[in-house]
Amino acid sequence: MAFELESAAHPENLKRVVIEPVTRVEGHGKVTLLLDEDNRVHQARFHIVEFRGFEKFIQGRPYWEVPVLVQRLCGICPVSHHLAASKAMDMIVGARLTPTAEKLRRLMHFGQILQSHALHFYYLASPDLLFGFDSDVARRNIVGVAAAYPEIARQGVALRRYGQEVIRITAGKRVHGTGSIPGGVNKNLSMEERDTLLKEIDDMIAWSQGAVELVKKVYGGRPDFHNGFGYFRSSFMSLVREDGALDLYHGGLRARDEHGQTIFDHVDYTHYWDYIHEEVKPWSYMKFPFIRSKGREEGWYRVGPLARVNNCDLIPTPLAEAERKAFKAFGGGSALHATLAYHWARMIEMLHCVEGIKELLHDPDLLGDDLVTQGQRGFRGVGVIEAPRGTLIHHYRVDEDDLIVRANLIVSTTHNNQAMNEAVRQVALQYLDGQNLTEGLLNYIEVAIRAFDPCLSCATHALGQMPLEVELQDAAGQVVDRLARNGGGETAR
Amino acid sequence: MSDTLTIDGKEIPYRPGQTIMDAAMAAGVYIPHLCHNPEFKPHGSCKLCMVNVNGRNVASCTMPAASGMTVLNDTPELNGARRSLLQMLFAEGNHLCPVCERSGNCHLQALAYYLGMTNPHYVQFYPSREVDASHPDVLLDRNRCIMCELCVRASSEVDGKDVFGLSGRGIQTRLVVNAPTGLLGDSALAVSDKAVQVCPTGALLIKRQGYRVPVGRRMFDHKPISVVQTEGGHD
């Protein structure tokens, strides 16, 4: 069912409904629906309408500038870009990180995922989950949550602030810091900084446990509805540790198909291109990655919290591991494919992050001063990390003068492109097909997109071969002429 | 008459041969400047150090101090003019402070903070300028060059190499390198040269050192440029 509803056979006779912008997501996107006279859905697309150019304009810049420069892709998950680029540059300088450097980066990244997950759950998603998808739109926002559930809102703000504070202490700034450099980090943790973070960590763990319980309560309250909402099955991809454990900073690539069968496992991510390709479609600025061995039609997959929690064999912190087992038991021992299960998995990960932060804060290596190493100079660097929204791939080539000559970024949200479109189409068929559209019903579409926590500004960074379409309309709005350039650069009328 | 002058009403001494800038620095009075560095001959090109002496605007780094001078320095009018000069510098180059490795250590950025520059005001030129990474240890990023000629003077006066010079006129002026190919890697420049140390922006940098100093420990993280430079910090 993957590509059904992607393109209507005769769009000219259909009416067009547009949701623009999609709200409570990072970045700008829109949804278009083509409906017939009986409001039957014939086409549903999730379009990304932003345009960025990072892969192009970092060419000619020195490699050590890149971890700081490319994190400007995003204001929500800059640390993930900062660290993915740093990992790639570690290969350029031939470094094997010291324990202090690696653990400081891991701490920084736990802070990143904590703050991003808290932001998404409390600020963006909780209004839908707590009030209902088609509840009063005036109340369906974080201000409404703060009024109706002040303690939940307060905890959400505090969890995000704590994550930001971890980032500030390790990277120098809450947003767009400079802590990670090729071959290591530029500062360690002082005892004062460690003690400051330790003071609040038990509250953060308790509140994260509360968040998992809240999702379980909401989800379990109407299990059939939540399981069935925008339901589809897919492959999943994520990094896993050598022993199969969840690892957000480093590991090998694992992909499993919709039946749970392994497609590839423990793949050295520096060879990602042997396993993943990208396709361009003429109606979106976001590319469509797919697993090569399964082809363009069948090779799409999901990444992010749901993929990671489904894919891993264990979570290496006890509270989150117990929640993973409960999550798996809910799915009858196999992977959960429900779109809304993303929220549940996301909160399990948030709990893992605060547990991981506590564990690291008690590690004396973080106070060490062996911060940077280097080895044999390389010219190709690949850095892969699990960003809040999923697997993030940075790939660079550097010349002998230390300048970037080529860059390829496959950003987390991009992996989910086809899956988000699939969710939109499922919801359109389940709830909108043949109905009189209301604001509440249209929000069902947004709820499905929101579950993925897409970051659209991150995901639209390609330049050079992007598809473009120009329409000439007469005064009555009728299309007189249309000129289109496809992803291969060919222009057609 | 005694050898004193007044700056903003404060009487300060000077020695014969000193400029207004010399006397002010010796007395701990800050006059904003970019192209001036007390280790080198005055240049008088950036005009940031413009002061008003007895009703006339002059460059304090080149004007000899004289007895009885009444100098205005820290006034809204002069600081406004300085801010405009800075805005022009920002508009005509490509100064991307948020990602620049000299951020926090950059005199241009620190002056912009000191003078309350909150936007570039003028339309950005976005000029196309070359990055020269041919030297094994030094990067020349002309996007950030403000033509202060500190590297030109350092290479000539201290290093004795004449590696750098300015070429072209007006807005076409650019920093050129004394080498058959015009490339830094083919010049006589060494990473230990004074010319590499004096750039007030991020135009000349030692390679592979970027971002080594964490936020919070950079030159201007805790003190404004007025305090850092009156305490003797220039590089």
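Rules used throughout
- Residues numbered from 1 in each chain as written.
- Chains lettered and ligands numbered in written order.
- Predicted model: local features only at pLDDT ≥ 70, side-chain atom pairs only at ≥ 80, totals over all residues.
- Heavy atoms only, no water.
- Salt bridge = Lys/Arg side-chain N within 4 Å of Asp/Glu carboxyl O.
- Buried < 20%, exposed > 50% of the residue type's maximum accessible area, 1.4 Å probe, protein only.
- Helix = DSSP H or I, 4+ residues; strand = E, 2+ residues; numbered from the N terminus.
- Contact = heavy atoms within 4.5 Å.
- Buried area = accessible area lost by both parts, 1.4 Å probe.
- Polar contact = N/O pair within 3.5 Å; in protein donor to acceptor, adjacent residues only side chain to side chain.
- Nonpolar A, V, L, I, M, F, W, Y, C, P; charged D, E, K, R; others polar.
- Domains from an automatic or database assignment.

**A closer look at the pattern of salt bridges**
Pairing is possible between side chains of opposite charge, provided their charged atoms come close.
Right, so step 1: Scanning the model with the defined rule gives 42 salt bridges over all chains in all.
Right, so step 2: Taking the shortest distance from any N to any O, the salt bridge between Glu165(A) and Arg174(A) comes out at 3.2 Å.
Right, so step 3: Residue Glu165(A) is classed as buried on the basis of its relative accessible area, which comes to 14%.
Right, so step 4: The closest approach of N and O atoms between Asp402(A) and Lys207(B), which form a salt bridge, is 3.3 Å. Linking Asp402(A) in the loop between strand 13 (390–398) and strand 14 (404–410) with Lys207(B) in the loop between strand 10 (204–206) and helix 6 (225–230), this pair reaches from one chain into another. No difference in accessibility class separates Asp402(A) from Lys207(B), as the two residues are buried.
Right, so step 5: Salt bridges sharing partners connect three or more residues here, namely Arg377(A), Asp402(A), Asp137(B), Lys207(B) and Arg208(B).

**Some details on the interface of chain B and chain A**
Accessible area lost upon the coming together of the parts is a frequently used measure of interface size.
Right, so step 1: Contacts between the two partners involve 19 residues from chain B and, on the opposite side, 20 residues from chain A.
Right, so step 2: Note on chain B versus chain A: buried area summed over both sides is about 1700 Å², and carbon and sulfur give 57% of it.
Right, so step 3: Area buried by chain B at its contact with chain A is led by Tyr211(B), Arg212(B) and Val215(B), which between them contribute 34% of it.
Right, so step 4: Our enumeration of links across chain B and chain A arrives at four salt bridges.
Right, so step 5: A salt bridge links Asp402(A) to Arg208(B), with the shortest nitrogen-to-oxygen separation between them at 2.7 Å.
Right, so step 6: Across the contact surface, chain B and chain A share eight residue pairs in polar contact (both at pLDDT 80 or more).
Right, so step 7: For the side of chain B that touches chain A, the per-class residue count stands at nine nonpolar, three polar and seven charged.

**What about the domain arrangement of chain B?**
Residues and elements named next belong to chain B.
Right, so step 1: According to the domain assignment, chain B contains domain 1 (4–74) and domain 2 (82–211).
Right, so step 2: Between the C-alpha centres of domain 1 and domain 2 there is a distance of 25 Å.
Right, so step 3: Each partner contributes to the interface: domain 1 provides 20 residues, whereas domain 2 provides 21 residues.
Right, so step 4: Of the roughly 1600 Å² buried between domain 1 and domain 2 on both sides combined, carbon and sulfur atoms contribute 63%.
Right, so step 5: It is Leu34, Phe40 and Leu48 in domain 1 that bury the most area against domain 2; as a group they hold 44% of the surface buried on that side.
Right, so step 6: Seen at the junction of domain 1 and domain 2, the total is one salt bridge.
Right, so step 7: Lys194 is paired through a salt bridge with Glu39; the nearest N and O atoms lie 3.1 Å apart.
Right, so step 8: Joining domain 1 to domain 2, the criterion identifies seven residue pairs in polar contact (both at pLDDT 80 or more).
Right, so step 9: Broken down by class, the residue content of the side of domain 1 that touches domain 2 amounts to twelve nonpolar, five polar and three charged.

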